[in-house]
Amino acid sequence: DGGITQSPKYLFRKEGQNVTLSCEQNLNHDAMYWYRQDPGQGLRLIYYSQIVNDFQKGDIAEGYSVSREKKESFPLTVTSAQKNPTAFYLCATSQDYTGELFFGEGSRLTVL
Amino acid sequence: GNSVTQMEGPVTLSEEAFLTINCTYTATGYPSLFWYVQYPGEGLQLLLKATKADDKGSNKGFEATYRKETTSFHLEKGSVQVSDSAVYFCALPNSGGYQKVTFGTGTKLQVIP
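Predicted model, so just to flag it, every value in this text is computed and none were measured.

About the thresholds
Residues numbered from 1 in each chain as written. Chains lettered and ligands numbered in written order. Predicted model: local features only at pLDDT ≥ 70, side-chain atom pairs only at ≥ 80, totals over all residues. Heavy atoms only, no water. Patch = residues over 30% accessible without salt bridge, like charges linked within 9 Å, V, L, I, M, F, W, Y side chains within 5 Å. Areas by Shrake-Rupley, 256 points an atom, 1.4 Å probe, with all protein chains shown as cover. Salt bridge = Lys/Arg side-chain N within 4 Å of Asp/Glu carboxyl O. Helix = DSSP H or I, 4+ residues; strand = E, 2+ residues; numbered from the N terminus. Buried < 20%, exposed > 50% of the residue type's maximum accessible area, 1.4 Å probe, protein only. Pairing = 2+ DSSP bridges. Phe/Tyr/Trp six-rings, centres within 6.5 Å; stacked < 30°, edge-to-face > 60°.

(A) View of a nonpolar patch on the surface. Residues and elements named next belong to chain A. On the surface, Tyr10, Phe12 and Leu112 cluster together into a nonpolar patch covering about 390 Å² of accessible area. Here Phe12 lies in strand E2 (residues 10-13). You can call Phe12 exposed: its relative accessible area is 51%.

Have a look at this one:
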């Protein structure tokens, strides 16, 4: 079944802890993205990657890190440096850079 | 860079009412335009798109026309259902390369029976 799998769906962490969100795709798409969604603010781009072993900062990269060691995987680490990490995180892929994105189901992170 | 402005919600309609959600854009050139929908607790999914001026995108009874004269891409549906309750996002790729996509702030639609 082709698609994008994000895990975990819900995650609770204490302040000061790093957490890693998983994103795996079997669509064979080259580009992968991480977005953050907060109520009333739409989606904001954290990081994106066009090819393996390469990635670029988006609009709100501070406090986050990523890696792209395999085409299928693009994990996001929310570090303790991120001031307000509680949010809904969405992973997406694209193939042709027209702007058409395919999204995972999202991961909701709550920092206590 | 490219940008999009979307009408604020929430929008509350009775079943079978007519829906319009406004979206205007600022863009270099004529990029493709998109509407995405997000159902509660889920990721976004593409609802419809238009790839050039005067194109009409349509899907599931929703329509939107790419109007370069008014730089608009308004979403319409003639008769909404309770199952259409969701958040709708207008989007377009950034200028200077389509690796990044800009989204509107989203419009929440609630349809009541």
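Having seen the model, we can carry on.
(B) Looking closely at the pairing of strand E12 (residues 107-112) of chain B. Residues and elements named next belong to chain B. Burial along E12 is one-sided: the residues Thr107, Leu109 and Val111 are buried and none of Lys108, Gln110 and Ile112 is. With 4 bridges joining them, strand E2 (residues 11-14) and E12 adopt parallel strand pairing. Following the sheet pairing, Ser14 is matched in E12 by Ile112. Looking at chain direction, strand E10 (residues 86-93) and E12 are connected through 3 bridges and run antiparallel. Within E12, the position partnered with Val87 by the bridge is Lys108.

(C) Seen up close, the packing of aromatic side chains. In total, this model carries 14 aromatic pairs over all chains according to the counting rule given. Plain terms: the ring middles of A:Tyr33 and A:Tyr35 are 6.4 Å apart, the flat faces sit at 25° to each other, and that makes the pair stacked.

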